[in-house]
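Fold and geometry: a report
One-letter residues, chain by chain:
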Amino acid sequence: MKKIDRSKIIISELQKLYPETPIPLNHNGPFTLLIAVVLSAQSTDKKVNELTEELFKVADNPKKMVNLGIDNIYKYIKQLGLSRQKSKNTYNLSKILLEKYNGIVPNTFEELESLPGVGHKTASVVMSQVFNVPSFPVDTHIHRLSQRWGLTNGKSVIQTEKDLKRIFPMSLWNKLHLQIIFYGREYCTARGCDGTKCFICKKVYPNRKKKVVTQKA
Ligand code: SF4
């Protein structure tokens, strides 16, 4: 089956399973979503939501976050991986937003990626979920499933992003990346699947015999 045909099956199956795609990270605006995404690196959204529930009660804008200070930010997020670095990034990012952007989250990739703790994936999530700019942030789930579905060779997340943007219609990117993440969490987990277990692979690879091995992100 051609890649384009597989992509059409994947789109329709994911749309049936996840017609609605609520943003998994709790937030009350662009700033708190940006911070939540920065904090979610190498952590689960569940844990981030648990900790930001308290953090955002005291600091849900750059001014309050700067006033809170690095040590207090750390107290709220210390259960997260890389929490020391994330505390510094959260503080410095908030300071730069106040100094350079009047406290407003900028809406370009360049400006976002110039902020501490904000890489291309984080910038893509914000551009997609805050500013509704078509983007395809590739996280570990998307990188793994795209390989299992034969949409990319897994060489790198940059290559995976390029391949997915080529195969899927731009109008679907913002929704599709969340649908793939939801499927990766619920059905197609990292704990391994030989690529023959569930209906998606049975449809896109009906004759698959060989176990699928994927490259990590
Ligand atoms: S068969 Fe396995 S690899 Fe394929 S989509 Fe299902 S869970 Fe994922």
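Here is a short report on the structure shown in this document. Sequence order as written defines the numbering, with residues in each chain counted from 1. With the structure being a predicted model, the display of local features is reserved for residues of pLDDT at least 70 and the display and counting of side-chain atom pairs for 80 or more, all residues being used for whole-chain, interface and lining totals. To get the side-chain values, all heavy atoms of the structure are used, and hydrogens and water are removed first.

Comments concerning the pattern of salt bridges
By definition here, a salt bridge exists when the distance from a side-chain nitrogen of Lys or Arg to a carboxyl oxygen of Asp or Glu is within 4 Å. Going through the model one piece at a time under the given rule, you end up with nine salt bridges. Between aspartate 45 and arginine 185 there is a salt bridge, with the nearest N and O atoms lying 2.7 Å from each other. Of this pair, aspartate 45 sits in helix α3 (residues 45-58) while arginine 185 sits in helix α11 (residues 173-186), and the two are 140 residues apart along the sequence. Its relative accessible area of 14% is what places aspartate 45 among the buried residues. Looking at arginine 185, the relative accessible area reads 39%, which means it is partly exposed. Measuring nitrogen to oxygen at the nearest pair gives 3.5 Å for the salt bridge that ties aspartate 60 to lysine 64. The classification of residues rests on relative accessible area computed with a 1.4 Å probe and restricted to protein chains. Under 20% of the type maximum is buried, over 50% is exposed, and intermediate values are partly exposed. Since its relative accessible area comes to 27%, aspartate 60 is described here as partly exposed. Among the charged side chains, a network of salt bridges with common partners joins Glu13, Lys16 and Lys203. Comment: elements are numbered from the N terminus, with helices defined as DSSP H or I runs of at least four residues and strands as E runs of at least two.

Some remarks on the packing of aromatic side chains
Stacked, tilted and edge-to-face are the three classes applied to pairs of Phe, Tyr and Trp rings, where Trp contributes its six-membered ring and a pair requires centres within 6.5 Å; stacked means planes under 30 degrees apart, edge-to-face means over 60, and tilted covers the rest. Taken as a whole, this structure holds five aromatic pairs when the rule is applied. An angle of 25° between the planes, with centres 6.2 Å apart, marks the rings of phenylalanine 136 and phenylalanine 168 as stacked. Taken together, the positions of phenylalanine 136 in the loop between α8 (120-129) and α9 (140-148) and phenylalanine 168 in the loop between α10 (157-167) and α11 put the pair 32 residues apart, joining distant regions of the chain. A residue is classified by how much of its surface remains accessible, and phenylalanine 168, at 3% relative accessible area, is buried. On the numbers, 5.9 Å between centres and 50° between planes, the contact of tryptophan 149 with tyrosine 183 is tilted.

Concerning the site of the ligand
Whether a residue is near a molecule or strand is decided by its heavy atoms; if any one of them lies within 4 Å of it, the residue is near. All residues in the neighbourhood of the ligand are listed as Arg148, Trp149, Tyr183, Tyr187, Cys188, Cys193, Gly195, Thr196, Lys197, Cys198 and Cys201. For the shell around the ligand, the class distribution of residues is seven nonpolar, two polar and two charged. Residue polarity follows a fixed list, in which Ala, Val, Leu, Ile, Met, Phe, Trp, Tyr, Cys and Pro are nonpolar, Asp, Glu, Lys and Arg are charged, and the others, Gly among them, are polar.

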